[in-house]
Every structure is written in C-alpha cells, then in structure tokens.
Amino acid sequence: MIRQALLLSTIPAALLQGCASIPLEGNETVVCYHPKAMGISAPYGQYALVASNPLASSQAAPVTTPDLRRRLPTPAAPGATPERVVDRSSPDSQSGSLCFTLTAYSAQAAQSSGTCLAVRGPRGLLPVREGASRFGITWKEAGFRNPLWERALSAEQADAGNIRQRADALATQEDARSAIETRRTGLAQQGFTRREDCERDTKASPATPPRPALAVDETVRAGTARSLCADSWRSVFGGDARKLFSLARMDADWTTAASAPRSTDLPKPVQGLLPAARLSASDRGLLKSAIGDSEADADIIDIFSRLQTRCVAGLGEAMKSGFQQWQERQRMALAAPAERRSACLALFDGMDRDQARLDEATRQIQRIDAERAASGRGPLTPGKPIDLRNMSCG
C-alpha cells in the first residue's frame, strides 16, 4: 500500500502510513520513514526532513545527547553543517510513519554534489540503518540521499534555465519588432521605402537661403552702419539733419546715406537701435534748436555725437551676427542633403541590426521549444519508490 501511495504525492499523508518492511523509501516527490520497521517505538511531536551538503555532513561532529528535560531541541554541536528544512510532518497516529513531501527545483535544493537528507525530531536525528545507536546519532548514521529526487531536480534545473532563456528571447523579439516599426515609420514619413531612396536628395542642388538685410560683409559693414544711422536722422529732421553731421564733424557719415539701404527696411528689433527710436522728446527739441543756431552749444552737439556713435556700433554688431547666421544657414543648406542621406542610411542599418536580433531570438525560441518537446518536459510523474537505507551520503 505504501508503494502505491508514493506514486501519487497528492494523496493525503494519512494514506501513506502503513505497514512496511522497508524502514525508509521514497521516489521523486515523497520520502517515508517507518520507525516500526527499524524496531523502535513510534515517535511523537513534529519532525522535519532536513538537507545538508553530503560531503560536509559525513564529516560533521556528532550531535550531543539531548537533555530530555529540555523542551527545546538541543543546538547543533560547534562546527556542524547548517541544515535546511525541506518539509515538516507529524507521525501517523496508528503506524507512527512519517511522510515528507520533497520540494521542487530551487537554487538551494539542487547541488552539484547532491543533497544529503535526514529526519530530525525533538530528540535529534533518527537512525535509518540497522545497528545505529539510539543516541548521539551523527549524519553518517542518519543521512541518506534520494537519487530519484536529485535526478528530477537536475532535470528541472535544466528546464528552468531554458525557461529563463526563452523569456529573455521573447523580450528581445518584442524589443526588436518595436524598434523596426519605429524606424520604418520614420522612413515612411520622409517618403523613403528602399535604401536607394537615401541617394535621392544628393543629386539635386540645394536651394541657397536668401540674404537678409543685416547679412553685410565685414569690408562694407562700418560704412553701411553709418549710412543707416544717417537715414534714421533724416527720417526725424529731414534734410536739415545734415547740419547736425556738419556741426559734429561727421560729414562722411552723411554722404553715404543716399546709397545705403533704408533704415525702415531693417527688422523691427534692430530698428530699436536707431536714433529715431532712441531720441527722447527733450533731446529732439534741443537738437532741432541747434539746427537753426549757427553757434550751437557743445553739450547739445555731444548728444547727437553719442547717439550716432552708439547707433553705428550697435548696427555693426547686429550686421556681424546677421552675417554669421546667414553663413550658418548656407552651410546647413549645403550639408542638408548629405546629412539626410546619412540619417536615412542609419535608419536602414538599424533596421538590419534589429532584424538580425529578431531572427536570432526566433531561432533560439524554436530551439528551446524543440528541446523541451523532445525531453517531454511537463508535470513530474513520480516513479516507483526505492529503498533509501543504503543511499549513504558519503
């Protein structure tokens, strides 16, 4: 009856207790210990199936004989190997048998050197071999291995690795598909569907951006600035503004005014640098009076000189900046076809790399699925139980 129960780990533990001639037996999912078959009385209290490293366990110091008056388990001797509880169980009320469920795969459960098991109760480890002492039992006397469980753990460990690899490959697939779609959309928005389309713009001559009024060459920049400022003075005082230039000994600034562009053609922000915009009402009145006075006061003429000098300097800087900006726009216009070509090719190159990632991830998923199908991975089916008494730990 116990052998049939071991085939189905989901059967309640009460059904696993029975009369058995083998004191210790188990399969991939269950270990059962029958103390009566060892000729000892039925245990009491709660018991644990514990695990340790088999090589270290065989050399561990013996457990000290417990004090029966103590209610708590006696601590392990110094230097003893740390234990890990696999499962806990209480003895069957009639037979005293103990049955433990074995864990599924985990990093702790599967060890390259195997896993040494033992049954520990309130009074220490239980013997699993005939002739073992009832007290001071060591792992050498109490420890055993379950090769069926270890093989199952090894298979589950390998499958767990495949599952992780498959999950990573699925994530790579999704990322690659998303990246390909994003690049394809970017190309479609520019009208590119093939790699050859990237060469389309390089064959056409780029349009030169128009030259704005402020884009003045350095060689004529100063003269143009003086002329524009003079034109602004003319817009305020008409032809009489010439007398102000004469009184301030700036006749050269006035003579170029006729051939220069009009100040009203300048951008609105730049017009704020001109005398027409900066001249206050009081200064306007003083300068108008100076025009009609043959001996104008020097302080009044100084007002004009400062405004004219400031206007020329401000326009000079504005024209320098305007010229540099126009040159940059020219450079960008000339470079735009080559830059668009590079950007277009980069998108196609990126699609090729993403497609290679997608193909590799797909092949990896197919390989893993084929390996798992060939090995029959699926729910564990427990096999026939075996005698574990002689499966020593080392």
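Residues numbered from 1 in each chain as written. Predicted model: local features only at pLDDT ≥ 70, side-chain atom pairs only at ≥ 80, totals over all residues. Heavy atoms only, no water.

1. Things to note about the pattern of salt bridges
Thought 1: Overall, the coordinates contain 16 salt bridges when judged by the stated rule.
Thought 2: The salt bridge involving E83 is made with R120; its shortest N-O contact spans 2.7 Å. In this pair, E83 is assigned in the loop between helix 2 (54-58) and strand 4 (84-89) and R120 in strand 6 (residues 116-121), connecting sequence segments 37 residues apart.
Thought 3: According to the relative accessible area criterion, R120 is buried, its value standing at 19%.
Thought 4: When the shortest N-O distance is used, the salt bridge between R145 and E150 registers 2.9 Å.
Thought 5: According to the relative accessible area criterion, R145 is partly exposed, its value standing at 24%.
Thought 6: Note on E150: relative accessible area 17%, which makes it buried. (Salt bridge = Lys/Arg side-chain N within 4 Å of Asp/Glu carboxyl O. Helix = DSSP H or I, 4+ residues; strand = E, 2+ residues; numbered from the N terminus. Buried < 20%, exposed > 50% of the residue type's maximum accessible area, 1.4 Å probe, protein only.)

2. Notes on the state of the cysteines
Thought 1: Tallied over the entire structure, the rule returns 4 disulfides.
Thought 2: There is a disulfide in this structure between C198 and C344, and the S-S distance comes to 1.9 Å. Here C198 and C344 share a disulfide; its torsion about the S-S bond, -65 degrees, makes the bridge left-handed. Linking C198 in the loop between helix 4 (147-189) and helix 5 (218-237) with C344 in helix 11 (residues 298-374), this pair joins segments that are 146 residues apart in sequence. (Disulfide = S-S within 2.5 Å.)

3. Some points on the pairing of strand 6
Thought 1: In terms of residue burial, strand 6 counts as a mostly covered element, since 6 of its 6 residues are buried.
Thought 2: Where strand 3 (residues 47-52) and strand 6 come together, 5 bridges link them in antiparallel fashion. Within the sheet, the bridge partner assigned to S52 lies in strand 6 and is C116.
Thought 3: As paired strands, strand 6 and strand 7 (residues 124-125) are joined by 2 bridges and run antiparallel to one another. Residue G121 lies in a different strand from strand 7, and its bridge partner there is G124.
Thought 4: Two successive antiparallel strands, strand 6 and strand 7, enclose a turn made up of 2 residues. (Pairing = 2+ DSSP bridges.)

4. Section: the packing of aromatic side chains
Thought 1: Applying the stated criterion across every chain, the model contains 5 aromatic pairs.
Thought 2: Pairing W233 with F304 gives two aromatic rings, centres 4.7 Å apart and planes at 50 degrees, and the pair type is tilted. Placement of the pair is W233 in helix 5 and F304 in helix 11, with a sequence separation of 71 residues. Pair check on accessibility: W233 and F304 agree, each one buried.
Thought 3: A centroid spacing of 5.0 Å and a plane angle of 80 degrees characterise the contact between F245 and F304, whose relative ring orientation is edge-to-face. Remark: F304 occurs in helix 11 and F245 occurs in helix 6 (residues 241-247); sequence separation between them is 59 residues.
Thought 4: Given the relative accessible area of 0%, F245 is considered buried. (Phe/Tyr/Trp six-rings, centres within 6.5 Å; stacked < 30°, edge-to-face > 60°.)

5. Points about the environment of R200
Thought 1: Here R200 lies in the loop between helix 4 and helix 5.
Thought 2: Residue class for R200 comes out partly exposed when judged on its relative accessible area of 42%.
Thought 3: As a C-alpha pair, R200 and P337 span 137 residues in sequence and 8.7 Å in three-dimensional space.
Thought 4: Sequence-distant contacts of R200, defined by excluding residues within four places in its chain, comprise Q190, G191 and F192. (Contact = heavy atoms within 4.5 Å.)

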